[in-house]
Amino acid sequence: MTANSEPRADALINFIFDRLPVRGALLQLDEQWQRLHGQHDYSDIVRDLLGQTVAASAMIASTMKFDGMLTLQVQGKGALGMLIAQCTESLHVRGMAGELEPSAPAASFADLVADGRLSLTVDAKDAKDRYQGIVELRPESMASSLAAYYRDSAQLPAHFVLLGDAQRVCALMLQRMPDASGLQDDDWHRLCLMADTLTTEELAAGVSHGLLAKLFAEDDVRVFDARDVAFRCRCTTARAERAVRMLGEQDATALLAERDNRIEIVCEFCNRKRVLDAIDVARLFNPAAIPTDAGVQ
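Calculation criteria
Residues numbered from 1 in each chain as written. Predicted model: local features only at pLDDT ≥ 70, side-chain atom pairs only at ≥ 80, totals over all residues. Heavy atoms only, no water. Buried < 20%, exposed > 50% of the residue type's maximum accessible area, 1.4 Å probe, protein only. Helix = DSSP H or I, 4+ residues; strand = E, 2+ residues; numbered from the N terminus. Pairing = 2+ DSSP bridges.

**Thoughts on the pairing of strand 5 (residues 92-97)**
Burial analysis of strand 5 places five of its six residues in the buried class, the great majority of the element. Summarising the sheet, strand 4 (residues 82-88) and strand 5 pair through five bridges and their orientation is antiparallel. What sits directly across from I84, in strand 5, is M96. Hairpin connection from strand 4 to strand 5: three residues lie between these consecutive antiparallel strands, with L91 at a positive phi of about 60°. Where strand 5 meets strand 12 (residues 230-231), two bridges bridge the pair, whose relative direction is parallel. The residue bridging V93 from the neighbouring strand is F231, located in strand 12.

Encoded structure:
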(Lines give C-alpha, C1' and ligand atoms only; values in the text may rest on other atoms or scores of the structure.)
Protein backbone atom coordinates (compact mmCIF):
# COMPACT_ATOMS: atom_id res chain seq x y z
CA MET A 1 0.00 0.00 0.00
CA THR A 2 1.41 3.40 -0.95
CA ALA A 3 0.32 6.51 0.86
CA ASN A 4 -0.72 9.86 -0.55
CA SER A 5 2.43 11.81 -1.42
CA GLU A 6 1.08 15.16 -0.16
CA PRO A 7 2.96 16.44 2.94
CA ARG A 8 1.02 16.18 6.18
CA ALA A 9 1.86 18.10 9.35
CA ASP A 10 1.57 16.82 12.92
CA ALA A 11 1.65 13.28 11.63
CA LEU A 12 3.60 10.05 11.46
CA ILE A 13 4.09 7.62 8.62
CA ASN A 14 5.37 4.06 8.86
CA PHE A 15 7.31 2.54 5.99
CA ILE A 16 9.25 -0.53 4.94
CA PHE A 17 11.92 -1.25 2.33
CA ASP A 18 10.75 -3.69 -0.34
CA ARG A 19 14.14 -5.31 -0.81
CA LEU A 20 15.61 -5.01 2.67
CA PRO A 21 14.30 -6.38 6.00
CA VAL A 22 14.06 -2.92 7.56
CA ARG A 23 11.08 -0.91 8.72
CA GLY A 24 10.82 2.66 9.90
CA ALA A 25 8.77 5.62 11.03
CA LEU A 26 8.96 9.32 10.16
CA LEU A 27 7.36 11.97 12.35
CA GLN A 28 6.81 15.71 12.33
CA LEU A 29 5.13 17.73 15.07
CA ASP A 30 4.49 21.44 14.71
CA GLU A 31 1.32 22.90 16.21
CA GLN A 32 0.81 19.92 18.53
CA TRP A 33 4.37 20.21 19.87
CA GLN A 34 3.92 23.94 20.49
CA ARG A 35 0.72 23.17 22.42
CA LEU A 36 2.48 20.51 24.48
CA HIS A 37 5.33 22.66 25.73
CA GLY A 38 3.75 26.11 25.40
CA GLN A 39 2.28 26.16 28.92
CA HIS A 40 5.69 25.54 30.52
CA ASP A 41 8.78 27.69 30.92
CA TYR A 42 11.40 25.09 30.05
CA SER A 43 14.98 26.04 29.26
CA ASP A 44 15.94 25.41 25.63
CA ILE A 45 18.01 22.31 26.39
CA VAL A 46 15.25 20.70 28.47
CA ARG A 47 12.53 21.62 25.97
CA ASP A 48 14.48 20.10 23.09
CA LEU A 49 15.16 16.89 25.01
CA LEU A 50 11.49 16.64 25.93
CA GLY A 51 10.55 17.06 22.27
CA GLN A 52 12.96 14.33 21.22
CA THR A 53 11.60 11.94 23.84
CA VAL A 54 7.96 12.66 22.97
CA ALA A 55 8.74 12.06 19.29
CA ALA A 56 10.52 8.81 20.13
CA SER A 57 7.57 7.60 22.21
CA ALA A 58 5.21 8.08 19.25
CA MET A 59 7.52 6.34 16.79
CA ILE A 60 8.02 3.36 19.07
CA ALA A 61 4.28 3.14 19.82
CA SER A 62 3.52 3.14 16.09
CA THR A 63 5.51 -0.06 15.63
CA MET A 64 3.80 -1.96 18.45
CA LYS A 65 0.43 -3.63 18.91
CA PHE A 66 -1.02 -2.66 22.29
CA ASP A 67 -4.05 -1.03 23.84
CA GLY A 68 -2.98 1.36 26.56
CA MET A 69 -0.05 3.65 27.28
CA LEU A 70 3.64 3.59 26.36
CA THR A 71 5.91 5.58 28.66
CA LEU A 72 9.51 6.65 28.20
CA GLN A 73 10.99 7.89 31.48
CA VAL A 74 14.38 9.44 32.17
CA GLN A 75 15.75 9.49 35.70
CA GLY A 76 19.25 10.43 36.74
CA LYS A 77 21.55 12.34 39.04
CA GLY A 78 22.33 15.15 36.62
CA ALA A 79 20.86 18.63 36.37
CA LEU A 80 17.55 17.15 35.21
CA GLY A 81 16.19 14.63 37.68
CA MET A 82 13.22 13.37 35.70
CA LEU A 83 11.49 13.52 32.32
CA ILE A 84 8.45 11.59 31.08
CA ALA A 85 6.93 11.16 27.60
CA GLN A 86 3.81 9.11 26.97
CA CYS A 87 1.94 7.92 23.89
CA THR A 88 -1.25 5.90 23.50
CA GLU A 89 -2.06 3.35 20.81
CA SER A 90 -3.97 6.19 19.08
CA LEU A 91 -0.79 8.34 18.98
CA HIS A 92 -2.01 10.77 21.59
CA VAL A 93 1.10 12.19 23.27
CA ARG A 94 1.95 14.16 26.36
CA GLY A 95 5.14 14.84 28.31
CA MET A 96 6.71 16.80 31.14
CA ALA A 97 10.12 17.50 32.63
CA GLY A 98 11.24 18.32 36.15
CA GLU A 99 13.00 21.48 37.27
CA LEU A 100 16.71 21.87 36.65
CA GLU A 101 19.01 21.70 39.66
CA PRO A 102 20.29 25.31 39.99
CA SER A 103 23.69 24.17 41.26
CA ALA A 104 24.29 21.60 38.49
CA PRO A 105 25.65 22.40 35.00
CA ALA A 106 23.27 21.88 32.09
CA ALA A 107 25.22 22.52 28.91
CA SER A 108 24.86 19.10 27.32
CA PHE A 109 22.81 15.91 27.30
CA ALA A 110 25.43 14.27 29.53
CA ASP A 111 25.05 17.09 32.08
CA LEU A 112 21.29 16.64 32.16
CA VAL A 113 21.19 12.88 32.66
CA ALA A 114 24.41 11.96 34.48
CA ASP A 115 24.23 8.40 35.87
CA GLY A 116 20.73 8.19 34.44
CA ARG A 117 18.49 5.39 33.29
CA LEU A 118 15.94 5.14 30.51
CA SER A 119 12.88 2.98 31.07
CA LEU A 120 10.31 1.94 28.48
CA THR A 121 7.02 0.76 29.95
CA VAL A 122 3.90 -0.46 28.18
CA ASP A 123 0.82 -0.40 30.42
CA ALA A 124 -1.89 -2.24 28.54
CA LYS A 125 -5.51 -2.10 29.62
CA ASP A 126 -5.12 -5.80 30.26
CA ALA A 127 -2.75 -5.62 33.24
CA LYS A 128 -1.29 -9.03 32.38
CA ASP A 129 0.34 -7.50 29.28
CA ARG A 130 2.49 -4.96 31.17
CA TYR A 131 6.08 -4.71 29.97
CA GLN A 132 9.10 -2.76 31.18
CA GLY A 133 12.70 -2.55 30.01
CA ILE A 134 15.47 -0.42 31.54
CA VAL A 135 18.91 0.59 30.25
CA GLU A 136 21.57 3.08 31.29
CA LEU A 137 21.49 6.37 29.41
CA ARG A 138 24.45 6.93 27.13
CA PRO A 139 26.14 10.34 27.50
CA GLU A 140 26.04 11.15 23.77
CA SER A 141 22.32 11.69 23.14
CA MET A 142 18.79 10.40 23.53
CA ALA A 143 19.04 8.86 20.06
CA SER A 144 22.09 6.77 21.00
CA SER A 145 20.45 5.78 24.30
CA LEU A 146 17.37 4.47 22.47
CA ALA A 147 19.57 2.60 20.02
CA ALA A 148 21.34 0.99 22.99
CA TYR A 149 17.97 0.04 24.48
CA TYR A 150 16.93 -1.77 21.30
CA ARG A 151 20.29 -3.48 20.99
CA ASP A 152 20.53 -4.62 24.63
CA SER A 153 16.90 -5.16 25.67
CA ALA A 154 15.05 -5.95 22.47
CA GLN A 155 17.94 -7.47 20.50
CA LEU A 156 16.67 -5.61 17.45
CA PRO A 157 19.16 -3.03 16.14
CA ALA A 158 17.55 0.36 15.59
CA HIS A 159 18.70 3.81 14.55
CA PHE A 160 17.13 7.11 15.64
CA VAL A 161 17.36 10.66 14.33
CA LEU A 162 15.78 13.14 16.75
CA LEU A 163 15.67 16.85 15.89
CA GLY A 164 13.74 19.84 17.11
CA ASP A 165 13.39 23.25 18.66
CA ALA A 166 10.58 25.41 20.03
CA GLN A 167 8.69 25.36 16.72
CA ARG A 168 9.05 21.83 15.39
CA VAL A 169 10.03 18.29 16.33
CA CYS A 170 11.19 15.87 13.63
CA ALA A 171 12.20 12.26 14.05
CA LEU A 172 13.15 9.22 12.01
CA MET A 173 13.47 5.63 13.21
CA LEU A 174 14.93 2.65 11.36
CA GLN A 175 14.64 -0.85 12.76
CA ARG A 176 15.87 -4.21 11.55
CA MET A 177 13.11 -6.77 11.17
CA PRO A 178 13.16 -9.70 13.62
CA ASP A 179 14.30 -12.03 10.82
CA ALA A 180 16.93 -9.83 9.17
CA SER A 181 19.53 -12.49 8.46
CA GLY A 182 19.69 -11.38 4.84
CA LEU A 183 20.56 -7.77 5.67
CA GLN A 184 24.17 -6.89 4.94
CA ASP A 185 26.00 -4.62 7.36
CA ASP A 186 26.92 -2.30 4.49
CA ASP A 187 23.23 -1.82 3.62
CA TRP A 188 22.30 -1.11 7.24
CA HIS A 189 25.11 1.43 7.65
CA ARG A 190 24.17 3.08 4.36
CA LEU A 191 20.54 3.49 5.45
CA CYS A 192 21.65 4.95 8.79
CA LEU A 193 23.94 7.44 7.05
CA MET A 194 21.11 8.52 4.77
CA ALA A 195 18.79 8.91 7.77
CA ASP A 196 21.35 11.15 9.48
CA THR A 197 21.09 13.69 6.63
CA LEU A 198 17.49 14.55 7.62
CA THR A 199 16.92 18.21 8.56
CA THR A 200 14.06 20.07 10.21
CA GLU A 201 13.79 22.28 7.11
CA GLU A 202 12.94 19.26 4.96
CA LEU A 203 9.99 18.52 7.25
CA ALA A 204 8.70 22.09 7.48
CA ALA A 205 5.56 21.12 5.55
CA GLY A 206 5.11 17.73 7.20
CA VAL A 207 5.82 14.07 6.50
CA SER A 208 5.47 12.70 2.98
CA HIS A 209 6.18 9.78 0.70
CA GLY A 210 8.20 12.12 -1.50
CA LEU A 211 10.61 13.03 1.29
CA LEU A 212 11.30 9.37 2.08
CA ALA A 213 11.78 8.58 -1.62
CA LYS A 214 14.30 11.43 -1.83
CA LEU A 215 16.06 10.49 1.39
CA PHE A 216 16.43 6.82 0.40
CA ALA A 217 16.75 7.35 -3.35
CA GLU A 218 18.68 4.10 -3.90
CA ASP A 219 15.94 1.93 -2.37
CA ASP A 220 12.32 1.05 -2.98
CA VAL A 221 10.35 2.44 -0.03
CA ARG A 222 6.78 1.38 0.62
CA VAL A 223 4.94 4.03 2.64
CA PHE A 224 1.75 3.47 4.60
CA ASP A 225 -1.02 5.97 5.29
CA ALA A 226 -0.12 8.89 7.53
CA ARG A 227 -1.55 8.94 11.05
CA ASP A 228 -2.32 12.07 13.07
CA VAL A 229 -0.26 12.64 16.21
CA ALA A 230 -1.96 14.90 18.75
CA PHE A 231 -1.26 16.33 22.17
CA ARG A 232 -3.89 14.98 24.56
CA CYS A 233 -3.65 15.17 28.33
CA ARG A 234 -5.45 12.53 30.38
CA CYS A 235 -6.07 14.73 33.41
CA THR A 236 -9.71 15.15 34.48
CA THR A 237 -11.64 16.69 37.33
CA ALA A 238 -12.42 13.17 38.55
CA ARG A 239 -8.70 12.33 38.77
CA ALA A 240 -8.04 15.53 40.73
CA GLU A 241 -10.83 14.70 43.15
CA ARG A 242 -9.51 11.18 43.64
CA ALA A 243 -6.15 12.68 44.61
CA VAL A 244 -7.85 14.76 47.31
CA ARG A 245 -9.80 11.73 48.55
CA MET A 246 -6.53 9.88 48.97
CA LEU A 247 -5.46 12.55 51.48
CA GLY A 248 -8.35 11.62 53.76
CA GLU A 249 -11.01 13.96 55.09
CA GLN A 250 -8.97 15.23 58.04
CA ASP A 251 -5.90 16.17 55.98
CA ALA A 252 -8.00 17.63 53.15
CA THR A 253 -9.88 19.86 55.62
CA ALA A 254 -6.61 20.97 57.20
CA LEU A 255 -5.22 21.81 53.76
CA LEU A 256 -8.28 23.96 53.05
CA ALA A 257 -7.69 25.89 56.26
CA GLU A 258 -4.05 26.51 55.33
CA ARG A 259 -4.89 27.78 51.83
CA ASP A 260 -7.82 30.16 52.23
CA ASN A 261 -10.45 27.45 51.66
CA ARG A 262 -9.02 26.55 48.23
CA ILE A 263 -7.14 23.44 47.13
CA GLU A 264 -5.41 23.99 43.80
CA ILE A 265 -4.36 20.96 41.77
CA VAL A 266 -2.17 21.65 38.75
CA CYS A 267 -1.53 18.98 36.11
CA GLU A 268 2.21 18.61 35.54
CA PHE A 269 1.64 17.65 31.91
CA CYS A 270 -0.69 20.37 30.61
CA ASN A 271 -0.46 22.92 33.46
CA ARG A 272 -4.24 23.04 33.78
CA LYS A 273 -5.38 24.20 37.21
CA ARG A 274 -8.40 22.81 39.04
CA VAL A 275 -9.66 24.46 42.23
CA LEU A 276 -11.71 22.75 44.93
CA ASP A 277 -13.39 24.78 47.68
CA ALA A 278 -14.87 23.72 51.02
CA ILE A 279 -18.16 22.66 49.42
CA ASP A 280 -16.33 20.49 46.89
CA VAL A 281 -14.28 18.80 49.60
CA ALA A 282 -17.34 18.17 51.75
CA ARG A 283 -19.03 16.54 48.76
CA LEU A 284 -16.04 14.27 48.18
CA PHE A 285 -16.37 12.76 51.64
CA ASN A 286 -20.15 12.54 51.64
CA PRO A 287 -21.07 8.85 51.11
CA ALA A 288 -24.34 9.88 49.42
CA ALA A 289 -22.68 12.16 46.88
CA ILE A 290 -22.57 11.19 43.19
CA PRO A 291 -18.93 10.89 41.98
CA THR A 292 -17.82 13.33 39.32
CA ASP A 293 -16.72 10.49 37.06
CA ALA A 294 -20.23 9.04 37.04
CA GLY A 295 -21.23 11.66 34.49
CA VAL A 296 -19.66 13.89 31.89
CA GLN A 297 -16.27 15.29 32.91
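Now that the structure is up, let's keep going.
**Some points on unusual backbone geometry**
The residue L91 is not glycine, and still its phi comes out positive at about 60°. Among the secondary structure elements, L91 is positioned in the loop between strand 4 and strand 5. The class for L91 is buried, based on a relative accessible area of 0%. Phi is positive for D115, which is not a glycine, with a value near 55°. Tracing the sequence through the fold places D115 in the loop between helix 3 (109-112) and strand 6 (117-124).

**Description of the pairing of strand 3 (residues 68-75)**
Taken across its eight residues, strand 3 has six buried, putting it largely inside the fold. Across eight bridges, strand 3 lies against strand 6 in antiparallel orientation. By the bridge assignment for strand 6, Q75 is matched with R117. Across seven bridges, the pairing between strand 3 and strand 4 is antiparallel. For Q73, the partnering residue across the bridge sits in strand 4 and is I84.

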